[in-house]
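Architecture and fold: a report
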Amino acid sequence: MKRQNIVAVCAAVAVGALTLTACGGSAKADNDTDGKGGAEGAPRITISAKDGSTGASINATGVKVSGGKLTTVKMTTSADGAEVDGTLSADGATWKPKEQLERGTKYRISATAKDSDGDTAAANSIFTTVSNDNSFIGTYTPDNGTTVGVGMPVSFTFDKAITNKKDVQSHITVTSSSGQQVVGHWFGTQRLDFRPEEYWKAGSKVTMKIDLDGVEGANGINGVQKKTVTFTVGRSQVSTVDANTQKMTVTRDGRTLKTVPVSTGSTAHPTYNGQMVISEKFVQTRMNGSTVGFGGEYDISDVPHAMRLSQSGTFIHGNYWSSPGIFGSQGTSHGCVGMQDVRGAGGDTTAKWFYDNSLVGDVVIVKNSHDKTVAPDNGLNGWNMSWSEWTAGSAA
């Protein structure tokens, strides 16, 4: 999951005799006294962040000139004078920072320009970007450029409670090359997931456009993100675990790849039923029962080939500590789905095969367990809602 507030980097770029650093801004404004540099007939410089402004955007920042070309643009942080890198357009008419600015930071920007007659102009602005307290940001998954399984939703977790859900949702659009309709669903005030009615079509390209910069999420709390994210849906793999038979059938693109012996939850601690999406993969990880409500019943430091199915601690993973005879015959776990494995995550084991052949976003379905169906917001498991329930949770 990726948090999108990137600290601007300090650097200098030489373009001919022009030294460029970076800039920042938000509200429509300029500087000199009114923000526009230059006498009558001289170039007119516009800085997008008004001198003295607070709450300036960390994205929509720039300098432009009419009637001439920019000759120098320099931006620094006011606290330590560190320079911020930027890019000048080929025609010399506009300039913008290379990286997103930092929230709650004061910047200083100055620019000069010249026209074909040799007339010059200058403009300056000192401003502060929107603070953490007065802004919200969404941590999202999947990341840009990734390839995921057909069950992977787009999921946002916001760092502030959102009361203006309609505006926030309407400024996030998710589309697929498959043409599937994609709808958002709110889980409470801080989580917004998007999915189609059925699993994504294998091989489709999904595009997420985030246009939250300046969007009010709650009273006095504005968004700061503006970017486009794309990811690819890989082959279709859905694995079905039958708790009655203690077998898992792995199906890819409609064809059975393998039937895997497993050990699901015990009678006292059954595995959730329902459609669960792999949200994380770990070659090895620690599993401590005390972190998920068990009183020190287990603490294994090196569980191999572990893949998360729920936020509350359900995994499908390798198991080296139990007798090989339980796999395919007996449920013994505290709710996880176990497969035979060896310590150290090496060797040619069933668990390693399944791990190597699984993507984040693949679906694991559990049926015939004595437990309830997993909650839709417990992990990335919104597929356990009907389409009518899902669309009812949309604010847009």
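Small disclaimer: the values here were computed from a predicted structure and weren't measured.

**Some thoughts on the overall build of the protein**
- The helix and strand inventory of the protein stands at 3 helices and 30 strands.
- Across the 396 residues that make up the protein, the buried fraction comes to 49%.
- Once local pairs closer than 6 in sequence are excluded, the contacts in the protein between residues at least 24 apart make up 66%.
- Roughly 17,300 Å² of accessible area belongs to the protein as shown, and the carbon and sulfur atoms make up 47% of that amount.

**Section: the pairing of strand β27 (residues 299-308)**
- Burial analysis of β27 places 8 of its 10 residues in the buried class, which makes it a mostly covered element.
- Across 7 bridges, strand β26 (residues 280-288) lies against β27 in antiparallel orientation. Opposite glutamine 284, over in β27, you have proline 304 as the bridge partner.
- As paired elements, β27 and strand β28 (residues 315-319) share 2 bridges and run antiparallel to each other. Bridge pairing in β28 links arginine 308 to phenylalanine 315.

**Points about unusual backbone geometry**
- Residue proline 142 is reached from threonine 141 by a cis peptide bond, and omega for that bond is 5 degrees.
- By the element assignment, proline 142 lies in the loop between β12 (138-141) and β13 (147-148).
- The phi dihedral of glutamine 246 is positive, around 55 degrees, even though this residue is not glycine.
- Mapping glutamine 246 onto the fold places it in the loop between β22 (237-242) and β23 (247-252).
- Of note, aspartate 253 is a non-glycine position whose phi angle comes to about 50 degrees, a positive value.
- Counting through the fold element by element, aspartate 253 comes out in the loop between β23 and β24 (255-261).

**Thoughts on the confidence of the model for the protein**
- Taken residue by residue, the protein gives an average pLDDT of 89. The fraction at 70 or more is 87%.
- Counted against residues more than four places away or in other chains, residues 1-36, with its pLDDT under 50, gives 144 contacts.

**Quick look at the side chain of arginine 235**
- Inspection of the secondary structure puts arginine 235 in the loop between β21 (226-233) and β22.
- One polar contact links arginine 235 to glutamine 237, side chain to side chain, over a distance of 3.4 Å.
- Setting aside residues up to four positions removed in sequence, arginine 235 forms contacts with Val150, Ala202, Arg252, Asp253, Asn357, Ser358, Leu359 and Asp362.

**Concerning the sheet that holds strand β17 (residues 191-196)**
- Strand order in the open sheet formed by 4 strands is β12-β14-β17-β16, with antiparallel pairing between adjacent strands. The sheet is open, and its two borders are formed by β12 and β16 (182-187), each paired with just one other strand. Shown here is a sheet whose adjacent strand axes are inclined to one another by a mean of 20 degrees, direction ignored.

**Some details on the nonpolar core**
- Ranked by internal contacts, the top residues of the largest apolar core, which has 30 residues, are Phe156, Phe158, Ile172, Val174 and Met208.
- Listing elements by their share of this core, those giving two or more residues are β14 (154-158), β15 (172-176), β16, β17, β18 (205-211) and β21.
- Excluding residues within four positions of it along the chain, valine 174 makes contact with Val154, Val182, Phe194, Trp200, Val206, Thr207 and Met208.
- One finds Ala49, Leu70, Tyr107 and Phe127 within the second-largest nonpolar core, a separate group that totals 24 residues.

Procedures and definitions
- Residues numbered from 1 in each chain as written.
- Predicted model: local features only at pLDDT ≥ 70, side-chain atom pairs only at ≥ 80, totals over all residues.
- Heavy atoms only, no water.
- Helix = DSSP H or I, 4+ residues; strand = E, 2+ residues; numbered from the N terminus.
- Buried < 20%, exposed > 50% of the residue type's maximum accessible area, 1.4 Å probe, protein only.
- Contact = heavy atoms within 4.5 Å.
- Areas by Shrake-Rupley, 256 points an atom, 1.4 Å probe, with all protein chains shown as cover.
- Pairing = 2+ DSSP bridges.
- pLDDT = per-residue confidence, 0-100.
- Polar contact = N/O pair within 3.5 Å; in protein donor to acceptor, adjacent residues only side chain to side chain.
- Axes fitted to C-alpha atoms, helices over the stretch in contact; angles between N-to-C directions.
- Core = buried A, V, L, I, M, F, W, Y, C linked by side-chain atoms within 4.5 Å.

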